[in-house]
Amino acid sequence: MLQLLCCSEPRMEKDKMWKKQNRSTAPMTRPVKSAVERKRRLKVQKKRLVALGVKEEALRRMTTGEVRAMLRRPSKLASSGGK
């Protein structure tokens, strides 16, 4: 009976080591992007553009990609007067 316990312990240690080794290389689940968060970010970005001097009428016609592109260089917006 003692032999069975002794033999099973090294196997358990080996399993623990295996899991510990793969912990850093195992793929992790990434958080899912939600539509609500995306809309919230877009709303905040549009407010920032309005504060920089872009007209709201122009913002309504812009796509999300155009809004994000304009925010990449806010100093250019401020110097041009916000179109």
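Not measured: the values here are computed from a predicted model.

## Considering the overall build of the protein
Looking only at helices and strands, the protein has 5 helices and 0 strands in total. Put simply, the protein runs from its N terminus to its C terminus through helices and strands in the order α-α-α-α-α. Counting over 83 residues, the protein shows a buried share of 12%. Of the roughly 8000 Å² of accessible surface on the protein, 58% is carried by carbon and sulfur atoms.

## Topic: the packing of helix H2 (residues 35-52) against helix H4 (residues 64-72)
Closest axis-to-axis distance for the H2/H4 pair is 10 Å, and the angle between their directions is 50°. Relative to H4, the element H2 lies oblique. Our pair here, H2 against H4, has a crossing hand that is left-handed. Every residue of H4 that contacts H2 at Leu42, Gln45, Lys46, Arg48, Leu49 and Leu52 is listed here: Thr64, Val67, Arg68, Met70 and Leu71. Residues belonging to the contact of H2 with H4 are distributed by class as follows: 6 nonpolar, 2 polar and 3 charged.

## Examining the pattern of salt bridges
Within the structure shown, the criterion is met by 2 salt bridges. The salt bridge involving Arg40 is made with Glu37; its shortest N-O contact spans 3.0 Å. Residue Arg40 and its partner Glu37 are both found in helix H2; the two are separated by 3 residues, about one turn of the helix. Among the residues examined, Glu37 registers a relative accessible area of 35% and is labelled partly exposed.

## Focus on a positive patch on the surface
On the surface, a cluster of positive charge is contributed by Arg30, Lys33, Arg38, Arg41, Arg68 and Arg72. Listing elements by their share of the positive patch, those giving two or more residues are H2 and H4. You can see Arg41 is positioned in helix H2. A residue is classified by how much of its surface remains accessible, and Arg41, at 36% relative accessible area, is partly exposed.

Conventions and cut-offs
- Sequence order sets the numbering: in each chain, residues are counted from 1 along the sequence as written.
- Only residues with pLDDT of at least 70 get local features here, since the model is predicted, and only at 80 or more are side-chain atom pairs given and counted; chain-wide, interface and lining totals rely on the full set of residues.
- As a rule here, side-chain values come from all non-hydrogen atoms in the structure, and water together with hydrogens is ignored.
- The numbering of helices and of strands both runs from the N terminus, where a helix is a DSSP run of H or I of at least 4 residues and a strand a run of E of at least 2.
- Buried, partly exposed and exposed residues are distinguished by accessible area as a fraction of the type maximum, computed with a 1.4 Å probe on protein chains only: under 20%, between the cut-offs, and over 50%, respectively.
- Note that accessible areas follow from Shrake-Rupley with a 1.4 Å probe, and for residues the cover is restricted to the protein chains shown.
- Angles shown run from 0 to 180 degrees and are taken between the N-to-C directions of axes, each axis being a line fitted to C-alpha atoms and, for helices, limited to the stretch in contact.
- Note that the term roughly parallel is reserved for angles under 35 degrees, roughly antiparallel for angles over 145, roughly perpendicular for angles of 65 to 115, and oblique for everything else.
- What makes a crossing left-handed is the near helix being turned counterclockwise from the far one by less than a right angle; a clockwise turn instead makes it right-handed.
- The contact rule is simple, with two residues in contact once any of their heavy atoms fall within 4.5 Å.
- As a working rule, the residues Ala, Val, Leu, Ile, Met, Phe, Trp, Tyr, Cys and Pro are called nonpolar, Asp, Glu, Lys and Arg charged, and the rest polar, with Gly in that last group.
- The term salt bridge refers to a pairing of a side-chain nitrogen on Lys or Arg with a carboxyl oxygen on Asp or Glu at a separation within 4 Å.
- Residues enter a patch when their relative accessible area is above 30% and they make no salt bridge; the linking distance is 9 Å between like charges and 5 Å between nonpolar side chains (Val, Leu, Ile, Met, Phe, Trp, Tyr).
- Charge counting treats Lys and Arg as positive and Asp and Glu as negative, with His and both chain ends excluded.
- Every charge is mapped onto a representative atom, which is NZ of Lys, CZ of Arg, CG of Asp or CD of Glu.

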